[in-house]
Amino acid sequence: MLYGLLVTVYALVCLLLILLILIQKGKGSMGLGGLGAGTQMLFGGSGGQDLFQKTTWVLGTLFMTGSLLLALMKSYQNQTFAQRPARPTTAQAPASPSLPVDQA
């Protein structure tokens, strides 16, 4: 259950990181952030880029840490699964009813 929750959070971090990177205005005026007017940005002239950059660094760190954590969790699950002893199979054939044998 914890693994599924972490995978969901990791997927959300990935999507947010992608969207945030596409919104930012690059050095070469590439990306979706450069589609607006030249000097008008979402948070003013230059104040927004600092916020976007800090948020990108935080999401990037969460991305790296999350991928490492999920990989370690999955390898631990595989190791514990491989070390489990196999269940003893005690399935026996059903006993057929014994019929009385006539002795003559």
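All values derive from a computational prediction rather than experimental measurement.

### Remarks on the overall build of the protein chain
Point 1. In terms of helices and strands, the protein chain carries two helices and zero strands.
Point 2. Expressed as a percentage of the 104 residues in the protein chain, the buried residues total 12%.
Point 3. Nonlocal contacts in the protein chain, meaning residues at least 24 apart in sequence, comprise 67% of its contacts between residues at least 6 apart.
Point 4. Accessible surface computed for the protein chain: about 9100 Å², of which carbon and sulfur atoms make up 68%.

### Considerations on the nonpolar core
Point 1. By size, the foremost hydrophobic cluster in this structure holds five residues: V13, L17, L20, F52 and L59.
Point 2. The residues touching L20, leaving out its near neighbours within four places in the chain, are F52, T55, T56 and L59.

### Remarks on helix α1 (residues 2–23)
Point 1. Its 22 residues give α1 an end-to-end C-alpha distance of 32 Å, which sits within 8% of 32 Å, the value for a rise of 1.5 Å per residue.
Point 2. Listing the buried residues of α1 in full gives Y10, V13, C14, L17 and L20. Down the axis of α1, the smallest arc covering the buried residues is 140 degrees, so these residues share one side. Opposite the buried face of α1, at more than 90 degrees from it, the exposed residues are L5, L15 and L19.

### Concerning the environment of L20
Point 1. Of note, L20 is situated in helix α1.
Point 2. Along the chain, L20 and Q53 lie 33 residues apart, while their C-alpha atoms are 9.0 Å from each other.

### Here we look at the side chain of T56
Point 1. Positionally, T56 belongs in helix α2 (residues 47–83).
Point 2. Setting aside residues up to four positions removed in sequence, T56 forms contacts with L17, L20, I21 and Q24.

### Details of the packing of aromatic side chains
Point 1. In the structure shown here, the tally under the stated rule is one aromatic pair.
Point 2. Pairing Y10 with F63 gives two aromatic rings, centres 5.4 Å apart and planes at 15 degrees, and the pair type is stacked. Here Y10 is found in helix α1, whereas its partner F63 is found in helix α2, with 53 residues between them in sequence.

### Regarding the environment of G60
Point 1. Its place among the elements puts G60 in helix α2.
Point 2. We classify G60 as partly exposed; its relative accessible area is 22%.
Point 3. Considering only alpha carbons, one finds G60 and C14, 46 residues apart in sequence, at a separation of 8.7 Å.

### Observations regarding a nonpolar patch on the surface
Point 1. Together, L12, L15, I18 and L22 make up a nonpolar patch on the protein surface, roughly 380 Å² of accessible area in all.
Point 2. With respect to the secondary-structure elements, L15 resides in helix α1.

Calculation criteria
Residues numbered from 1 in each chain as written. Predicted model: local features only at pLDDT ≥ 70, side-chain atom pairs only at ≥ 80, totals over all residues. Heavy atoms only, no water. Helix = DSSP H or I, 4+ residues; strand = E, 2+ residues; numbered from the N terminus. Buried < 20%, exposed > 50% of the residue type's maximum accessible area, 1.4 Å probe, protein only. Contact = heavy atoms within 4.5 Å. Areas by Shrake-Rupley, 256 points an atom, 1.4 Å probe, with all protein chains shown as cover. Core = buried A, V, L, I, M, F, W, Y, C linked by side-chain atoms within 4.5 Å. Expected span 1.5 Å × (residues − 1). Arc of directions from axis to C-beta. Phe/Tyr/Trp six-rings, centres within 6.5 Å; stacked < 30°, edge-to-face > 60°. Patch = residues over 30% accessible without salt bridge, like charges linked within 9 Å, V, L, I, M, F, W, Y side chains within 5 Å. Salt bridge = Lys/Arg side-chain N within 4 Å of Asp/Glu carboxyl O.

Spatial relationships are all this shows, so hold off on functional conclusions.
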